[in-house]
There are 2 protein chains.
Amino acid sequence: MGDVAQRLAEIVGDQHLLTGEAVTEDYAGDEALVGEPVKPRYVVKPATTDEVAAVLTTATEHRIPVTARGSGSGLSAAARPHPDGILVSFERMNAILEIDTTNHVAVVQPGATLSELDERTAESGLGYTVYPGEMSASVGGNVGTNAGGMRAVKYGVTRNNVLGLQAVLATGEVIRTGGKIVKTSTGYDLTQLVIGSEGTLALATEITVRLHPRLTHGATVLAPFSDLDQVMAAVPAIVSSGLAPHILEYIDALTMAAITYTAQLSLGIPDKVRDASQAYLVVGLENRETDRLDDDVQALGELLSGLGATDVYVLEGGSARKLIEAREKAFWTAKSAGADDVIDVVVPRAAMPEFLSRAREIAAKTESGVVGCGHAGDGNVHLGIFQKDPAKRASLLHDIFAVGMELGGAISGEHGIGRAKKEHWLELEDPAKVELMKRIKTAFDPAGILNPGVLFD
Amino acid sequence: MGDVAQRLAEIVGDQHLLTGEAVTEDYAGDEALVGEPVKPRYVVKPATTDEVAAVLTTATEHRIPVTARGSGSGLSAAARPHPDGILVSFERMNAILEIDTTNHVAVVQPGATLSELDERTAESGLGYTVYPGEMSASVGGNVGTNAGGMRAVKYGVTRNNVLGLQAVLATGEVIRTGGKIVKTSTGYDLTQLVIGSEGTLALATEITVRLHPRLTHGATVLAPFSDLDQVMAAVPAIVSSGLAPHILEYIDALTMAAITYTAQLSLGIPDKVRDASQAYLVVGLENRETDRLDDDVQALGELLSGLGATDVYVLEGGSARKLIEAREKAFWTAKSAGADDVIDVVVPRAAMPEFLSRAREIAAKTESGVVGCGHAGDGNVHLGIFQKDPAKRASLLHDIFAVGMELGGAISGEHGIGRAKKEHWLELEDPAKVELMKRIKTAFDPAGILNPGVLFD
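Residues numbered from 1 in each chain as written. Chains lettered and ligands numbered in written order. Predicted model: local features only at pLDDT ≥ 70, side-chain atom pairs only at ≥ 80, totals over all residues. Heavy atoms only, no water.

Chemist: For this particular structure, what's the right way to read the overall build of chain A?
Modeler: The secondary structure content of chain A amounts to 17 helices and 18 strands. Projecting the C-alpha coordinates of chain A onto the three principal axes gives extents of approximately 70 × 55 × 40 Å. Looking at chain A as a whole, 60% of its 457 residues are labelled buried. A total accessible area of about 16200 Å² is found for chain A, and carbon and sulfur atoms account for 48% of it. In chain A, which carries 40 positive and 60 negative side-chain charges, the distance between the mean positions of the two groups comes to 2 Å. (Helix = DSSP H or I, 4+ residues; strand = E, 2+ residues; numbered from the N terminus. Buried < 20%, exposed > 50% of the residue type's maximum accessible area, 1.4 Å probe, protein only. Areas by Shrake-Rupley, 256 points an atom, 1.4 Å probe, with all protein chains shown as cover. Lys, Arg positive; Asp, Glu negative; His and termini not counted. Charge placed at Lys NZ, Arg CZ, Asp CG, Glu CD.)

Chemist: Just checking my understanding: could you explain a negative patch on the surface for this structure?
Modeler: A cluster of like negative charges, contributed by D291, D294 and D295 of chain A together with D291, D294 and D295 of chain B, occupies part of the molecular surface. Put simply, the parts of the chain that give the negative patch at least two residues each are α11 (290-306) of chain A together with α11 (290-306) of chain B. When you line up the elements, D294 of chain B lands in helix α11. (Patch = residues over 30% accessible without salt bridge, like charges linked within 9 Å, V, L, I, M, F, W, Y side chains within 5 Å. Salt bridge = Lys/Arg side-chain N within 4 Å of Asp/Glu carboxyl O.)

Chemist: Any chance you could explain the interface of chain B and chain A here in plain terms?
Modeler: How big an interface is tends to be reported as the loss of accessible area on association of its parts. Counting from both sides, the interface comprises 75 residues of chain B and, opposite them, 75 residues of chain A. For the chain B face of the interface with chain A, the top three residues by lost area are K183, S185 and Y188 of chain B, together amounting to 15%. Taken together, chain B and chain A are joined by ten salt bridges. Secondary-structure elements contributing two or more residues to the side of chain B that touches chain A are β9 (174-178), α7 (190-194), α8 (228-240), α11 and α17 (431-444) of chain B. Ranked by residue count, the leading element in the side of chain B that touches chain A is α17 of chain B, at nine residues. Partitioning the side of chain B that touches chain A into residue classes produces 30 nonpolar, 28 polar and 17 charged. (Contact = heavy atoms within 4.5 Å. Buried area = accessible area lost by both parts, 1.4 Å probe. Nonpolar A, V, L, I, M, F, W, Y, C, P; charged D, E, K, R; others polar.)

Chemist: Teacher, can you tell me more about helix α2 (residues 49-62) of chain B here?
Modeler: Since one α-helical turn is 3.6 residues long, residues separated by three or four positions face the same way. All names here are of chain B. Over its 14 residues, α2 extends 20 Å from the first C-alpha to the last, a length consistent with the 20 Å expected when each residue adds 1.5 Å. Of all 14 residues that make up α2, ten are buried, and the element is covered over most of its length. All of the buried residues along α2 are T49, E51, V52, A53, A54, V55, L56, T58, A59 and T60. Taken from the residues just after α2, R63 is the one with a positive phi, measuring 55°. (Expected span 1.5 Å × (residues − 1).)

Chemist: Sorry if this is basic, but what is going on with the pattern of salt bridges here?
Modeler: Any two side chains of opposite charge can pair if their charged atoms end up close together. One pass over the structure, following the stated rule, counts 58 salt bridges over all chains. The salt bridge partner of R176 of chain A is E206 of chain A, with a shortest N-O separation of 3.3 Å. Here E206 of chain A lies in strand β10 (residues 203-210) and R176 of chain A lies in strand β9 (residues 174-178), a separation of 30 residues in the sequence. Here E206 of chain A falls in the buried class, since its relative accessible area comes to 17%. In this structure, a network of salt bridges that share partners links the residues R288, E289 and R292 of chain A together with D296 of chain B.

Chemist: Just checking my understanding: could you explain the environment of I99 of chain B for this structure?
Modeler: Residues and elements named next belong to chain B. Mapped onto the elements, I99 comes out in strand β5 (residues 96-100). Classification of I99 by relative accessible area gives partly exposed; the value is 22%. With 112 residues separating them in the primary sequence, I99 and L211 have C-alpha atoms 9.0 Å apart. In contact with I99, other than residues within four places in its own chain, are V105, A106, R120, T121, S124 and L211.

Chemist: Before we go on, may I ask you to explain the pairing of strand β4 (residues 86-89) of chain A in this structure?
Modeler: All names here are of chain A. The alternating pattern of β4 places I86 and V88 on one face and L87 and S89 on the opposite face, and all of these are buried. Here three bridges tie strand β2 (residues 42-44) to β4, and the two strands are oriented parallel to one another. Counterpart to Y42 in the pairing with β4 is I86. Two strands pair when backbone bridges link them, and strand β3 (residues 66-69) and β4 are joined in this way by four bridges, in the parallel orientation. In the sheet register, R69 faces β4, and the bridge partner there is S89. (Pairing = 2+ DSSP bridges.)

Chemist: I'm lost on α11 of chain A in this one. Help?
Modeler: Residues and elements named next belong to chain A. The terminal C-alpha atoms of α11, which comprises 17 residues, lie 24 Å apart, in line with the 24 Å expected from a rise of 1.5 Å per residue. All buried positions along α11 are accounted for by R292, L293, D296, V297, L300, G301 and L304. G308 occupies a position one or two residues after α11 and carries a positive phi of about 110°.

Chemist: Sorry, what's going on with the sheet that holds strand β1 (residues 17-19) of chain A here?
Modeler: Each strand in a sheet pairs with its neighbour through backbone hydrogen bonds, running either in the same direction (parallel) or in the opposite one (antiparallel). Residue and element names in this part refer to chain A. As summarised here, the arrangement of the four strands in space is β1-β2-β4-β3, forming an open sheet in which the pairing is mixed. A single partner strand is all that each edge strand has here, and the edge strands are β1 and β3. Across this sheet, the average inter-strand angle for adjacent strands is 20°, counted without regard to direction. Sitting on the sheet, helix α2 (residues 49-62) touches β2, β3 and β4, and the angle it makes with β4 is about 170°. (Axes fitted to C-alpha atoms, helices over the stretch in contact; angles between N-to-C directions.)

Chemist: Is there a simple way to explain the UniProt feature "domain: FAD-binding PCMH-type" (unreviewed entry) in chain A in this structure?
Modeler: The UniProt record annotates "domain: FAD-binding PCMH-type" (unreviewed entry) at residues 35-214 of chain A. Counted over residues 35-214 of chain A, helix gives 24% and strand 24%. Its end C-alpha atoms are 40 Å apart. (UniProt positions renumbered as here; feature names shortened; annotations may be inferred.)

Chemist: Help me understand the relation of the copies chain B and chain A, please; the structure alone is not making it clear to me.
Modeler: Put simply, the two copies of the chain differ by a rotation about an axis and a shift along that axis. When chain B is fitted onto chain A, the two copies agree to an RMSD of 0.0 Å after a turn of 180° and an axial shift of 0.0 Å. The transformation just described matches what one would write down for a two-fold rotation axis. The position closest to the rotation axis in chain B is occupied by the C-alpha of I440 of chain B, lying 2.9 Å away. The residues that chain B uses at the interface reappear at the interface of chain A in 100% of cases, marking a shared surface. (Least-squares fit on C-alpha atoms with pLDDT ≥ 70 in both.)

Chemist: Looking at this structure, how should I read the environment of L56 of chain A?
Modeler: Residue and element names in this part refer to chain A. Relative to the assigned elements, L56 resides in helix α2. For the pair L56 and T171, spaced 115 residues apart in sequence, the C-alpha to C-alpha distance is 6.3 Å. The contact partners of L56, leaving out residues within four places of it in the chain, are V66, V168, L169, A170, G172, L203, I449 and L450.

Chemist: Sorry if this is basic, but what is going on with the pairing of strand β6 (residues 105-108) of chain A here?
Modeler: Looking along a regular strand, one sees the side chains alternate between the two faces of the sheet. Residues and elements named next belong to chain A. Along β6, one buried face is formed by V105 and V107 and the opposite face, lined by A106 and V108, is buried too. Across four bridges, strand β5 (residues 96-100) lies against β6 in antiparallel orientation. Bridging from a neighbouring strand, D100 pairs with V105 of β6. Between β5 and β6, which follow one another and run antiparallel, lie four residues, and H104 among them has a positive phi close to 60°. The pairing of β6 with β10 spans four bridges and is antiparallel.

Chemist: Mind showing me how you'd approach the side chain of S368 of chain A here?
Modeler: Residue and element names in this part refer to chain A. As for its position among the elements, S368 is in the loop between α14 (352-365) and β17 (369-375). Since its relative accessible area comes to 12%, S368 is described here as buried. For S368, the side chain forms a polar contact with the side chain of T366, separated by 2.7 Å. Those residues in contact with S368 that sit more than four places away from it in its chain are A363, F386, Q387 and L396. (Polar contact = N/O pair within 3.5 Å; in protein donor to acceptor, adjacent residues only side chain to side chain.)

Chemist: Can you help me understand the sheet that holds strand β12 (residues 217-225) of chain A in this one?
Modeler: All names here are of chain A. Taken together, seven strands build an open sheet; the order of strands is β15-β12-β14-β13-β17-β18-β16 and the sheet is antiparallel. A strand with exactly one partner marks an edge of an open sheet, and here the two such strands are β15 (313-315) and β16 (341-343). Each adjacent strand pair in this sheet contributes to an overall mean axis angle of 20°, direction not counted. Here β17 runs beside strand β18 (residues 380-386); their pairing, made up of seven bridges, is antiparallel.

Chemist: What is the right way to look at empty space enclosed by the protein in this model?
Modeler: The probe, sized like a water molecule, is rolled over the atoms to show the empty space still left. If you walk through the whole model with that rule in mind, you get four cavities of 30 Å³ or more. The calculated volume of the second largest cavity comes to roughly 60 Å³. (1 Å grid on protein atoms, 1.4 Å probe; cavity = no way out; pocket = protein on both sides within 12 Å on 5 of 7 lines; lining within 4 Å. Points joined across faces, edges and corners; volume = space filled by probe spheres on them.)

Chemist: I would appreciate a short explanation of the domain arrangement of chain A in the present structure.
Modeler: Residue and element names in this part refer to chain A. Domain annotation of chain A identifies domain 1 (3-91), domain 2 (93-213), domain 3 (217-331) and domain 4 (338-429). Contacts between the two partners involve 17 residues from domain 3 and, on the opposite side, 16 residues from domain 4. For the pair domain 3 and domain 4, the summed buried area comes to about 1400 Å², and 65% of that belongs to carbon and sulfur atoms. The largest per-residue losses of area from domain 3 upon contact with domain 4 belong to M232, Y250 and R327, which jointly make up 37% of the total buried on that side. Run the count over domain 3 and domain 4 and you get one salt bridge. In this structure, D252 engages R360 in a salt bridge whose closest nitrogen and oxygen atoms are separated by 3.5 Å. On inspection of domain 3 and its partner domain 4, the count reaches seven residue pairs in polar contact (both at pLDDT 80 or more). Residue assignment for the side of domain 3 that touches domain 4 shows that the elements contributing at least two residues are α8 (228-240), β13 (247-252), α9 (253-262) and α13 (330-336). Looking at the side of domain 3 that touches domain 4 element by element, the count peaks at six residues for α8. Of the residues in the side of domain 3 that touches domain 4, the class split is twelve nonpolar, one polar and four charged. (Domains from an automatic or database assignment.)

Here it is, written out as C-alpha cells:
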C-alpha cells in the first residue's frame, strides 16, 4: 500500500477506501453515451466535511486528480474519473440535515437524492422544485451541472434554487457561501460560481436549497400540432398569457411514438390526429385552488386551439403522470433506441424553430438521425443523435453546436460540458472567455487537481 | 495636457473628456452618507463599447484606477472615484437597444435608467421587475450592486433578472456572457460573477434583462401591529400561504410617522390604532384577473387578522401609490432626519425579530438611534443609524454587522460593500473567502485598475 493509499485510509477509514480490484465499474463514469469508462486508482467515501478537506489537502500535496461523484447520473462525463486519480464518492454524505419551514429552505449533504429530498419535504407542504427527470440524481451532482428539468420554466434551474454552500477548496480550506438568505450584495457570489463548475472549482459538502409551497392541484394538457413551427410559435404566447405553466415541453412525433411505446401508454389520441401530428406540446398547470385551475385549463385550451393545435386533451391523472414519467425517461428511450449521443443545446426561445430546422438540415446532409423533445419554455432542445461514424458525428455535432451559438444560445442548457463536449466547446467558445475561466480555475485550484480534463484540457 | 489626457481625448473626443475645473461635484461620488466626495482626475463619457475598451486598455497600460458610474444613486460609495483615476460615466451609453417581446427580454446600455426602461416596456405589456426604489438608478449601476428592492420577494433581485452581458475586461478585451437564454451549463457563469462585483471585475456595456408580463390588477394592504415580533412572525406565514405577494414590507412606527409626514400622506388610520402600533406590514398583491385579486385580498385580510394585525386597510389607488412612493423615499427621509448612515443587513427571514431586537440593544448601549423598515419577505432590514460620534458609530456598526452574520446573514442585502462598509466587511469576513475573491479579482484585472479601494484595500 503506497503512501497516498495509507494516508487516504487514515482519513476515511480502511473500509471506505477502495483500490485495485475493489474499484467496481460503478465508479468508472456516469451515463454519458460517449467515451469509455475509466476506473480511478482510489475511491474514497468520506463521511464528513473534514474528511473531504483532508482528502483534498493530500491530493494537492501529491498533485493527484480528484473527481467528485454523486449518483453518477450525469450525461457529460464530468464524473468520469482520471485513471491515476481519486474519486470522492458522496454516497455516505447523503443526509438531509434540516427542513426549515420558516425560512423555506432545506440543508442537505451532496449525496442526498432528489427523491429523498422530495419525500422528506412532502409533509411540510413545501418542495424542492428542480426536477431534472432523474429522481435518483444527487443534489450535489445537480449543483455541479446546474441541472434544470421540466419545472424550470416556472421555478428556474439549480442556480436559482441554491442559496448557499459549504465547500472545500482544493487546498483543503472550507468556506461557507450564501446561506438561508435569498439575496446578498457582499463580495463576489461564490455560490453562483461553484454552481455549474462541474467539480473543477470546489467540492460542495453542504447545500442550502430554497423550498416552495406545493400547489396541490395540477392538470396536464396535451396538444398535438401538425406543424413543428406552430408548436414553437405557440410557446411565447403561452408564456405571455400569464397562465404561468410549470411544465411547457415539446415532444416531436417520433419521440412521442417511442416514449409512449416504451411506457406502454395509450393517450387516447385518434390515429388520424396522431398520424397528422408533427409534434406535441405538454403543458402543466398548477394552482392552490381547484376552480382557478379549472378556469386556467379552460383558458389554456382555448389559447392552444387558437394557436393551431389540432386538438386539446386534458389528461386524467394516471395518463398525465405516465406521460410525464415517459418524457423524463426520454434519455433512456433514446439510448435503448441506439442513440449515439444526446445533446441539450439552449437557444433563445424564439429561435427554436430555426435551430430545429437547421439541425435537421445538417443531419440530412450527413444522413444522420436527429429526433427530440425539450424544455420549450426554456429554449432547451434535447436531441438524440443517430450517427455511428465518429468522424461524421463529430462534424455533425460541431455544426449543430455552432448553429446554436450563432443563434445566441449555448452548447448545453443543463447537462454540462464535462469531458463529452469539451472539444467542441473549446473550439467554438471565445478564447478570451476560456482563458479568463482558466485563470478563475487557478484562483480556486492552483495545483489543478480538481477534475482535470473536464471543461479544459 | 498629459499623455493620458491626450489619449483619452482621442478615444472619446475632446468634448467628452473632462479634467481639472471641468470635473464637477456631480462626479465626486454617489449617495453614500459616509466619507467625503472625491473628484477624479479624468471623467470620460464613452459612446461605444470600443471606446470603453480603449479607455481600459490605456488605463491598464498606465496603471490608472478606473471607476464606473451610472446615475450615482448608489449607497455604498462604489462610484466614488480615485483622485488620480478615470471616472467612466455611462451617461451617453443610455440607450434601450431592444425590447424583444417573443423572448421576453430587453437589451440595454448600462446608463439606461429604470424609469426609461419601465416606460419603454409598458406598451408591450411586459416589464422589468427590479424596483430598488429609485427609478433614476441605471441598469448598469444595478448590475454593479445586485440591486433588489420591494418586488424581489416575488421576482428576485438583479441577479435573477439579468441573463447576459457584454463586458469589457481591464485589458480591453470584450466578452459576451449568457444572452437571451434563461439557463446554461456551459462553463463558469461569468454573468453572475460580474453582477454584484461593484465595478471591480469588468465594465458591463450591454445588459440583457428578463421581462415579465405586467399583471394589471393590483392591491395594497396595510396592517398595523402592536408588536414588532408579531409582524416578523407573520412574514413566513404570508409567504407560505401561496398568495405570492409582490410586495412584503415592514415599516416601524417611527419610520411610518416620518415617511407619511414627509409625503403629507394621510392613511386614515385612527389615532388610537396608530398610537398602539409598533410596526406595519405593507403587502402588495397582483393578478391578471380582478375577481381573483379580490378573493386574494379577502384571504390576506383574514390571514393578517389571524396573525395579530390590529386592523387591516385596503388602500385605495392614490394612497397606495403614495405610500409605496413614500416607502421608496425612506432613504431620503432618513437622510433629511439627520441619519448618519443607512445599512441593509440581510438575515434569514425567521431571524429578523432576533436581529432587530439585538440591533436595538446594541444601539441602546451606545445611546444611538436605530429605526427602519425593510424588505421583510427577503429578510433585508434597512436601518437608519443615528450616532454622530464616528468611533461610537463604527463600533455600533461592527456589532450590528457581526450579529447579522452570526444569525446566518450578510452585511449587505442589496446596497453593496463599496468603500463605505469595506473596513467592517474585511474585518468580519472569513479571510479564506477574501483571499479567494482577491485571486478572482486578479484573474479579471491583473493590474488592479478596476475600482481599487472598493471591496478590498
